[in-house]
Amino acid sequence: MADNVGNKPSKEYHLDIPVQTEGFFLKGLNNNDFGLKNRLSRIFQPKSGNAVVLAFDHGYIMGSTAGLERLDVTIAPLAPHVDVFMGTRGAIRSCFSPTMHPAVCLRATRDSSVLYDDMSVGNGCGVEMEDAIRMNASAVAVQTFIGAQGEADSLKTLCSYVDAGNRYGIPVLGVVAVGKEMERTAKFFLLATRILAEHGAHFVKTYYCDDFEKVTAACPVPIIVAGGKKLAEDEALAMTYRAIQEGAHGVDMGRNIFQSEDPTAMAQAIAKVVHEKYTNKQAYEFFMDTKKK
Ligand code: 5RP
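Structure report, in brief.

Some remarks on the site of the ligand
Link 1 in the chain: Asp 57, His 58, Lys 205, Gly 254 and Arg 255 are the nearest of the 14 residues found near the ligand.
Link 2 in the chain: A distance of 3.0 Å separates an oxygen atom of the ligand from a polar atom in the side chain of Gln 143.
Link 3 in the chain: Between Gly 228 and the ligand, the recorded distance is 3.0 Å, taken from a backbone N or O atom to an oxygen atom.
Link 4 in the chain: Isolated, the ligand exposes 360 Å² of accessible area, and the fraction of that covered by the protein chains is 92%.

So, in structure tokens, the structure goes:
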């Protein structure tokens, strides 16, 4: 127990220094509690306000995907170059060391596999929040199917994760799903991202599209962009640059990193655009200089 006799008298009240009262650095998230903001600050870097999330959760619906045959070999070396690993609990527990640097964004929903015609049917809770906490997740990712047959079930699932996330301080990433028949237009993404945010998602993942600045403007919480199918490296960097210029707070990218001819150089080049204001041209030069010759 601390000795309470003979202590130095307290006098450093710093009356001349006003208490910092400005809001949180991420839009729309100031009215959340300390733990939730602390976890968000592991995902979005306070210096840039942005995040590089590496998505390798494809296996939960697709099985082994090109580039993800051995997560320990291909994904683990990318850890120093990204802020967040987004994967399933099965992949993260079995393939990585708990000493790794990236924060964890845990794929939390269960969805139908690609063998089923309609992936939106069967969406539900795949990981209890208790297990997400046990894994020290900095966020949980919840797939939501707007305009699909499974819409009602997936919104119910989203709401239950948001309730649990608010209870325990775990941010929820609302993932806008695009099924076979679903459009990839500003009209659809405006609708879907807003619906997810209004249901309480703390940040939202969607695809880049024309008029993307309208999508980011109308979404009251940060948006991160998905990568989608593999593009040439210069095209993927150009898409990332445009998304950041038009209000995205980072990327949640998979194939365009781990299927790159040099995933490490590509992860670093993406981070240059997301965190260091590189143009796509500068980042592509960096990629070409850095990739293994
Ligand atoms: C699907 C996802 C996946 O994580 C994402 O699509 C994978 O990234 P990429 O498309 O860049 O390979 O959220 O809903």
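Anyway, onward from the coordinates.
Observations concerning the packing of aromatic side chains
Link 1 in the chain: Applying the stated criterion to the full structure yields 9 aromatic pairs.
Link 2 in the chain: Chaining the aromatic ring pairs together yields one cluster made of Phe 56, Phe 85 and Phe 96.
Link 3 in the chain: Here the guanidinium or amino end of Arg 184 rests over the ring plane of Tyr 207, the centre of that ring lying 4.5 Å away.

Focus: the side chain of Gln 143
Link 1 in the chain: Inspection of the secondary structure puts Gln 143 in strand β6 (residues 139-144).
Link 2 in the chain: Once you skip the residues sitting within four places of it in the chain, Gln 143 turns out to touch Tyr 60, Arg 107, Thr 109, Asp 111, Met 119, Asn 123, Ser 154, Val 175 and Ala 177.

Remarks on the pattern of salt bridges
Link 1 in the chain: Going through the model one piece at a time under the given rule, you end up with 13 salt bridges.
Link 2 in the chain: Taking the shortest distance from any N to any O, the salt bridge between Asp 131 and Arg 134 comes out at 2.7 Å. In this pair, Asp 131 and Arg 134 both sit in helix α5 (residues 129-134), 3 residues apart, roughly one turn of the helix.
Link 3 in the chain: Asp 131 gets classed as buried once you look at its relative accessible area, which sits at 9%.
Link 4 in the chain: Since its relative accessible area comes to 54%, Arg 134 is described here as exposed.
Link 5 in the chain: Between Lys 291 and Glu 261 there is a salt bridge; the shortest N-O distance is 3.2 Å. With a gap of 30 residues between them, Lys 291 in the segment after α12 (280-290) and Glu 261 in the loop between α10 (255-258) and α11 (263-276) connect regions that are remote in the sequence.
Link 6 in the chain: With relative accessibility at 55%, the residue Glu 261 sits in the exposed group.
Link 7 in the chain: Put simply, Arg 89, Arg 93, Glu 130, Asp 131 and Arg 134 are held in one network by salt bridges that share partners.

Reading guide: rules and limits
- Residues numbered from 1 in each chain as written.
- Predicted model: local features only at pLDDT ≥ 70, side-chain atom pairs only at ≥ 80, totals over all residues.
- Heavy atoms only, no water.
- Near = heavy atom within 4 Å.
- Polar contact = N/O pair within 3.5 Å; in protein donor to acceptor, adjacent residues only side chain to side chain.
- Areas by Shrake-Rupley, 256 points an atom, 1.4 Å probe, with all protein chains shown as cover.
- Phe/Tyr/Trp six-rings, centres within 6.5 Å; stacked < 30°, edge-to-face > 60°.
- Lys NZ or Arg CZ within 6 Å of the ring centre and 35° of its normal.
- Helix = DSSP H or I, 4+ residues; strand = E, 2+ residues; numbered from the N terminus.
- Contact = heavy atoms within 4.5 Å.
- Salt bridge = Lys/Arg side-chain N within 4 Å of Asp/Glu carboxyl O.
- Buried < 20%, exposed > 50% of the residue type's maximum accessible area, 1.4 Å probe, protein only.

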